[in-house]
Amino acid sequence: MTARFLEISVASDDLLASLDFYHTLGFTELTTGDALDYGYAVVAGPQISIGLHAQHVERPTVTLVLPDLAHTALQWSDNEFVQNMRIDQDTFNQVDLVDHDDHALRLIEARTFSPSSEKISMALPGRLLEYTLPVRDALASAQFWAPWTQQSLGVQEEPKLHMRLEMAGLPVGLSEVATGRVPRLSYAVDDIAALGMALDHLGAPLKPCGIGLRGCAGRLVSPEGLEFAFFQDDFLD
């Protein structure tokens, strides 16, 4: 099945506050369409887009575009992971799935925003390593995400299994090492001290890690609860 990464979808109770937060990090706001009938905005950095939704998003969600969704959705009718399916000629087709670790995947039939016509650059927060999903069993989790996986980007076997997969254009980490249950965007930053001072100046100081992955220097939490984790280098190297 040919799908492409669209965004990490998160719920936002205050779109203006969320946009202000991401602007301070150097994200670029993109133009949204009229496919959704509620408040919606999108911010983007290199390799990543984050969709801010005023409704209908319960947890951080990997959203993929699958153009032939209406023709392929029936194969999920008996799938234990399907939480919601909306397929109809008069609606915006959508399938929501949630895995055993409470991580969510959304499939939609078309884009909901226009891609940037220019290359997006960003001073903060650094180089995206992956969207990290804490899981209890990485191999079992990989089976859930397998239909959307193009290749392996790296594996760490000790002290526990961590798999990085290229998933429809998004690097995703399935980690038994990462603590907690909340997904997070993991970045490598060349100058952690400079990042910390910049975030202090912006009024968004780094918090202690508690991540479980090697080399974590701090984390940041967005107004919607999406976590950012910052590392001195790639913990899979």
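An account of the accompanying structure is given in this report.

Conventions we followed
- Per chain, the residues get numbers from 1 upward, laid out in the order the sequence is written.
- In keeping with the predicted nature of the model, local features appear solely for residues at pLDDT of at least 70, side-chain atom pairs appear and are counted solely at 80 or more, and the whole-chain, interface and lining totals rest on all residues.
- Side-chain descriptors were evaluated using all non-hydrogen atoms of the structure, hydrogens and water having been removed beforehand.
- Here the term cavity refers to a set of points on a 1 Å grid, laid over the protein atoms alone, in which a 1.4 Å probe fits but cannot get out; the term pocket refers to an open set having protein on both sides within 12 Å along at least five of seven lines, with lining residues being those that place an atom within 4 Å of a point.
- Grid points are joined across faces, edges and corners, and a volume is the space filled by probe spheres set on the points.
- Numbering goes from the N terminus for both helices and strands, where a helix is a DSSP run of H or I of at least four residues and a strand is a run of E of at least two.
- Charged residues are taken to be Asp, Glu, Lys and Arg, nonpolar residues to be Ala, Val, Leu, Ile, Met, Phe, Trp, Tyr, Cys and Pro, and polar residues to be all remaining types, Gly included.

### Considerations on empty space enclosed by the protein
- Across all of its chains, the model carries one cavity of 30 Å³ or more by this definition.
- The calculated volume of the largest cavity comes to roughly 70 Å³.
- Lining the largest cavity we find Leu6, Glu7, Leu36, Tyr38, Tyr40, His53, Thr63, Phe92, Gln94, Arg106, Ile108 and Thr112.
- Among the secondary structure elements, those contributing two or more residues to the lining of the largest cavity are β1 (4-11) and β8 (104-108).

### Describing the layout of surface pockets
- Of the pockets and cavities examined, the largest pocket occupies roughly 370 Å³.
- In terms of lining residues, the largest pocket is bounded by 20 residues, among which His56, Arg86, Gln94, Asp96 and Arg106 are the most central.
- Counting residues per element, the ones that place at least two in the lining of the largest pocket are β6 (82-86), β7 (94-98) and β8.
- Its residues assigned to classes, the lining of the largest pocket comprises eight nonpolar, six polar and six charged.
- Considered as a void within the structure, the second largest pocket measures approximately 310 Å³ in volume.
- Lining of the second largest pocket is provided by 18 residues; of these, Gln47, Ile48, Ser49, Arg111 and Pro115 occupy positions nearest its centre.

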